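Breakdown of the fold
Residues per chain, in single letters:
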Amino acid sequence: MMFDTPELALQHYNRYAHHIGFSVKIESSRRCAKDGELDKFVYVCNKSGKPREEEAVPVKQRNRKLTVLTDCKAKLRVKRDGARWKVTQFVEVHTHEVIDKFALKKYLRSHNKIPAEEKKFIDLLHEVNLTSGRIMEIMGELYGSKKNVPYNSKTVSNYTAKLGNYDRIKDIPELLEYFEEIKKDDPRFFYRFKLDAENKVENLFWVDSKARDVYPLYNDCISFDTTFMTNQYSMPCAPFIGINRYGQSIQLGCGFVRNESSVNFVWLFERFLEAMDGLHPLNIITDQDAAMRTAILIVFIGIIHRFCRWHIMQKVQEKLGTFVAQREDLRLEFNDVIDYSMTPQEFEQRWANMVETHGVADNTHFLDLYDLREYFVPAYFRHRFFPFLQTTSRSEGFNAVLKQYVHPHDSLVRFFKQYMKLQERIDVTEDAHEFDGDEKTVRLWGDFPMEKQILQTYTMPIYHRFQLELRKITSYNVRDIGVTEQGSIHEVFPIQGSVRGYGRRSYRVDADVANGIYNCECCKINRDGILCCHAMKVMAHLGMVTKYPEHYILPRWCLPPPDIVAPRDERQERPVGQKLSRKDMRLLRYGNLCSDFAKLAVGLAASEKTNEIAERHMRAMEKEMADLKKANADALKKRKSAKHAVNTNTANDSQDSVPMEEDAATVENRKARNPPMSATKGRPGSKRKKGGLQLQKPKQGLCGVCKQPGHDARTCEVRLANPEKYSLLGLFH
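Predicted, not measured: the structure shown is a model, and the values here were computed from it. (Residues numbered from 1 in each chain as written. Predicted model: local features only at pLDDT ≥ 70, side-chain atom pairs only at ≥ 80, totals over all residues. Heavy atoms only, no water.)

Digging into the overall build of the chain
- Check the secondary structure of the chain and you find 27 helices and 16 strands.
- Residues counted as buried form 40% of the 733 residues belonging to the chain.
- Counting contacts in the chain only where the partners sit at least 6 residues apart, residues at least 24 apart contribute 62% of the total.
- Working note: accessible area of the chain is about 43800 Å², and carbon and sulfur atoms make up 53% of it. (Helix = DSSP H or I, 4+ residues; strand = E, 2+ residues; numbered from the N terminus. Buried < 20%, exposed > 50% of the residue type's maximum accessible area, 1.4 Å probe, protein only. Contact = heavy atoms within 4.5 Å. Areas by Shrake-Rupley, 256 points an atom, 1.4 Å probe, with all protein chains shown as cover.)

Structure below.
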């Protein structure tokens, strides 16, 4: 046989090897002494070579799977003969059993390859964060069965792992160049970065135009938190999260810092204010981080800063869990004092009574909590706007969703692209809420006219929250306790048990019916922007349910009228009937053809005659495709020749052109280099090499009480003595 190139010879021999049931590798090649060009290739069976001797595997060495060598002599030798390649030797006999089962042939190394067209399709699936397993499920549908896919999940995993290698090398230059490309279409896109002495990026911040436009509407409450494991440099990611009119978390900018120091946070907050035209947030919630607290006091002067209650209570459980395990009355009173104290004075009085009653006044952990009371106890924030928010759950939820989009070792370029996809997801969800508010409705819970008013005024998600409050009025009774010059005083008390979110206590409501003012000591209208069930219970008691007071309607929760919604630069919509891009159409056709051919192959594989029909038409299609490819190549060559002639005639004009000067931003961007690996929090891991015995997991001893491995005898004694009281998981909620 004669071949045009050695690659075609290898391809033909590999197809033959797949049919027989073995794998192919290149044994050797040779260059001609005269011209230095390759003139010989030898392709052999993958089992060629002397059998390996069995050796003891060291403890530290990876136990890899090795191919069993049988000194197989099967081979194909091709030599250059003029402009073509000629087969000079072919050995057919093998010294081992070949694989007959079709489903196993794809595991042979030379056949476990992803075709070029399928690589492009896998690139597309990888960009939408599908795992290798899910990608294999899709390819299995296209091929008719996963057994028919000519590669396995590990091959896909190895391929996708290499996709980001180039981005990791030129990460920061590519990212900054990408930022500049975005600014061409979105002039209000904002980004800043800080370089260290070695021109390595130390801090980075960006925010898109939509976030800058809506920020004046939603600057009343910001959630800020950092998270690790979102990039290859272990740099903490610091997103700014707000809440829109649908109660939905939105992105108001994102940054990366070298480490969580107050200096870096000051730089980040200053860039945030620069992007938002100097407009400060009114309230901010963060975790219990001293560096954040210091930076907020320096930059965000005069705003209300509170800590995440969940983080504090988690630390309380770690430190006081064992201490409170046998003090159920202390645990219940502790939670009640924190959750249901209405004023700072009431909290401090109840706290003093609690520590005195239970004898914990000298406990250092309780003293530390008391010192932090102004940063996490709800009584100190009753009149501040933290809508449906007691923790940094907004930031935590964003981080959790973000980790579905970004791998911990991804480059910053890929992180930003996935960040923008998450922004698209938020925009689509917001559009869905807007459509529901304009075109959909729900059944009213009751017959109060003000419920219909709220349904027509507030967005659908906020109406659902209002409806939950309205339902809770059935859990309370009202008692008149006095009259003042402004109106009447009422006590709203639960009918039985505890009411979710309000506990067992009673609430005082001052009603001024003439002016439509209802002040409840729970202050939900100040905290969440909607009236509480206690105020609405008094309204129902007084018969004032025909209209929701206008001064209690918060514009930020209302349906978006055109006069208050900030304009945003939207991309031009695709005209009706316009086709997809050439790349998208190519991938779409590829998927459809794979599916159609897989269905057709089921019938064509039924017998030898149908298989011959398939092979005959496949050869005809290959010939027709080769002719078409050659014709296209000739046409392209002619166009290039004509273009070269035109460029030659205008060469003298281009010599007189003057190069354009680069602006300062471009010069600064070119200087930026990739950041180093950031040191994470906590104790650093030991780098000392360990021996084989130390690498083994130590055996855990048995508990002397319950005979279970890894248990503490003292804890088990307490648990057995107090089975109804001992519950570490239920100490604090």
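There is more to say after this.
Description of the packing of helix α7 (residues 171–185) against helix α17 (residues 412–439)
- Between α7 and α17, the least distance of the axes is 8 Å, while the angle of their chain directions is 35°. Judged by residue contacts, Asp 171, Ile 172, Glu 174, Leu 175, Tyr 178, Phe 179 and Ile 182 of α7 engage Leu 412, Val 413, Phe 416 and Lys 417 from α17. (Axes fitted to C-alpha atoms, helices over the stretch in contact; angles between N-to-C directions.)

A closer look at the sheet that holds strand β14 (residues 488–494)
- Across the sheet, which stays open at both edges, the four strands sit in the order β13-β14-β15-β16 with antiparallel pairing between neighbours. Only two strands of the sheet have a single neighbouring strand rather than two, namely β13 (476–483) and β16 (517–520). Pairwise comparison of adjacent strand axes, ignoring direction, gives a mean angle of 25° for this sheet.
- Sheet analysis places β14 next to strand β15 (residues 507–512), joined by five bridges and oriented antiparallel. (Pairing = 2+ DSSP bridges.)

Some thoughts on the pattern of salt bridges
- Taken as a whole and judged by the stated rule, the model has 32 salt bridges.
- Among the salt bridges present, the one from Arg 188 reaches Asp 213, with a minimum N-O distance of 3.3 Å. Remark: Asp 213 occurs in helix α8 (residues 209–214) and Arg 188 occurs in the loop between α7 and β6 (190–195); sequence separation between them is 25 residues.
- Judged by its relative accessible area of 31%, Arg 188 is partly exposed.
- With a relative accessible area of 17%, Asp 213 lands in the buried category.
- Between Glu 346 and Arg 505 there is a salt bridge, and its shortest N-O distance comes to 2.9 Å. With Glu 346 in helix α13 (residues 344–357) and Arg 505 in the loop between β14 and β15, the pair connects residues that are 159 residues apart, well separated along the chain.
- What you see here is one network of salt bridges that share partners, running through Asp 336, Glu 346, Arg 350, Arg 505 and Glu 521. (Salt bridge = Lys/Arg side-chain N within 4 Å of Asp/Glu carboxyl O.)

Observations regarding the pairing of strand β2 (residues 24–31)
- Here seven bridges tie β2 to strand β3 (residues 38–45), and the two strands are oriented antiparallel to one another. Bridge pairing in β3 links Ile 26 to Tyr 43.
- Counting the residues between successive antiparallel strands, the hairpin from β2 to β3 contains six residues, one of them, Gly 36, with a positive phi of roughly 75°.

Concerning the nonpolar core
- Core analysis: the largest hydrophobic core is formed by 44 residues, its most contacted members being Tyr 458, Tyr 502, Tyr 507, Met 536 and Tyr 548.
- Apart from residues no more than four positions distant in its own chain, Tyr 548 is found in contact with Met 450, Gln 453, Ile 454, Tyr 458, Phe 466, Ile 525, Ile 530, Leu 531 and Ile 553.
- If you look at the next biggest cluster of nonpolar residues, it comprises 32 residues, including Val 266, Phe 269, Met 276 and Ile 284. (Core = buried A, V, L, I, M, F, W, Y, C linked by side-chain atoms within 4.5 Å.)

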